[in-house]
Amino acid sequence: MGWRERTHEDTYSDADVEQRLKEELPHWYLENGWIRRKYKTSGWKATLMVVNTVGHLAEAAFHHPDLTVSYAFVIVKLMNHAAKGITNKDFELARKIEEVVMWQPGNEGGALEGTPDDPRFKYLKYD
């Protein structure tokens, strides 16, 4: 069954998860039944901004990841507990987290300039 044919509760095999991550979310990886992503920050304030962003998105989606939080990084882990595996819910939330946390408006050419390229203002280590 292709990923577009799955319901929100159908789980993926490890091979299918790894293939889909490679194609859609290359900075995410599969480990011990979870899809994961480590976001590196410049310090505690930035870490809290990432945590709050992920928290907002997770609550809006009503699909909640596990987080590991340290001074200069946040690890996001997703797995559908009810389905006991990786489902479309995990991929969709991972994609939204990636889109929002890694957003760089300065690269879009619009009115928003983005964070200045100055160490005093950097808060996230972009890939």
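The preceding data block contains the structure.
Residues numbered from 1 in each chain as written. Predicted model: local features only at pLDDT ≥ 70, side-chain atom pairs only at ≥ 80, totals over all residues. Heavy atoms only, no water.

Undergrad: Mind showing me how you'd approach the nonpolar core here?
TA: In summary, soluble globular proteins display a tendency toward joint burial of nonpolar side chains. With 26 residues, the main nonpolar core has Val17, Leu21, Trp28, Ile35, Tyr39, Ile97 and Val101 as its most contacted residues. Those elements that place two or more of their residues in this core are helix 1 (14–24), strand 2 (34–40), helix 2 (44–61), strand 4 (73–78) and helix 3 (88–101). Excluding residues that lie within four positions of it along the chain, Val17 makes contacts with Tyr12, Leu30, Ile35, Ile86 and Phe91. (Core = buried A, V, L, I, M, F, W, Y, C linked by side-chain atoms within 4.5 Å. Buried < 20%, exposed > 50% of the residue type's maximum accessible area, 1.4 Å probe, protein only. Helix = DSSP H or I, 4+ residues; strand = E, 2+ residues; numbered from the N terminus. Contact = heavy atoms within 4.5 Å.)

Undergrad: Before we go on, may I ask you to explain the pattern of salt bridges in this structure?
TA: It is possible for side chains of opposite charge to pair when their charged atoms get near one another. For the structure on display, the rule yields eight salt bridges. Residues Glu31 and Arg36 are paired through a salt bridge, measuring 3.4 Å at the closest nitrogen-oxygen approach. Using a relative accessible area of 10% as the deciding quantity, one classes Arg36 as buried. Lys96 is the partner of Glu99 in a salt bridge, and the nearest nitrogen-oxygen pair spans 3.2 Å. One end of the pair is Glu99 and the other is Lys96, both in helix 3 and three residues apart, which spans about a single turn. (Salt bridge = Lys/Arg side-chain N within 4 Å of Asp/Glu carboxyl O.)

Undergrad: I tried to follow the packing of helix 1 against helix 3 on my own but got confused; where do I start?
TA: Packing of helix 1 against helix 3 leaves a shortest axis separation of 12 Å and a crossing angle of 20 degrees. Put simply, helix 1 runs roughly parallel to helix 3. Taken as a pair, helix 1 and helix 3 cross one another with a handedness that is right-handed. Seen from helix 1, the contacting residues are Val17, Arg20, Leu21 and Glu24; seen from helix 3, they are Asn88, Phe91 and Arg95. By residue class, the composition of the contact of helix 1 with helix 3 is three nonpolar, one polar and three charged. (Axes fitted to C-alpha atoms, helices over the stretch in contact; angles between N-to-C directions. Parallel < 35°, antiparallel > 145°, perpendicular 65-115°, else oblique. Left-handed = near helix turned anticlockwise from the far one by under 90°. Nonpolar A, V, L, I, M, F, W, Y, C, P; charged D, E, K, R; others polar.)

Undergrad: So what exactly am I meant to see when it comes to the packing of aromatic side chains here?
TA: In this description, a pair of aromatic rings is defined by centroid distance and the angle of the planes. Overall, the coordinates contain one aromatic pair when judged by the stated rule. Ring plane angle 75 degrees and centroid distance 5.2 Å describe the contact between Tyr12 and Phe91, whose orientation is recorded as edge-to-face. With a gap of 79 residues between them, Tyr12 in the segment before helix 1 and Phe91 in helix 3 connect regions that are remote in the sequence. One residue, Lys38, lies across the ring of Phe73, its end atom 4.3 Å from the ring centre. The cationic tip of Lys77 hangs over the ring face of Trp34; the distance from NZ or CZ to the ring centre is 4.5 Å. (Phe/Tyr/Trp six-rings, centres within 6.5 Å; stacked < 30°, edge-to-face > 60°. Lys NZ or Arg CZ within 6 Å of the ring centre and 35° of its normal.)

Undergrad: Even after reading the chapter, I still don't get the environment of Ala61, so can you show me in this structure?
TA: Mapped onto the fold, Ala61 is located in helix 2. When the C-alpha positions of Ala61 and Lys89 are compared, they lie 8.8 Å apart, and in sequence the two are 28 residues distant.

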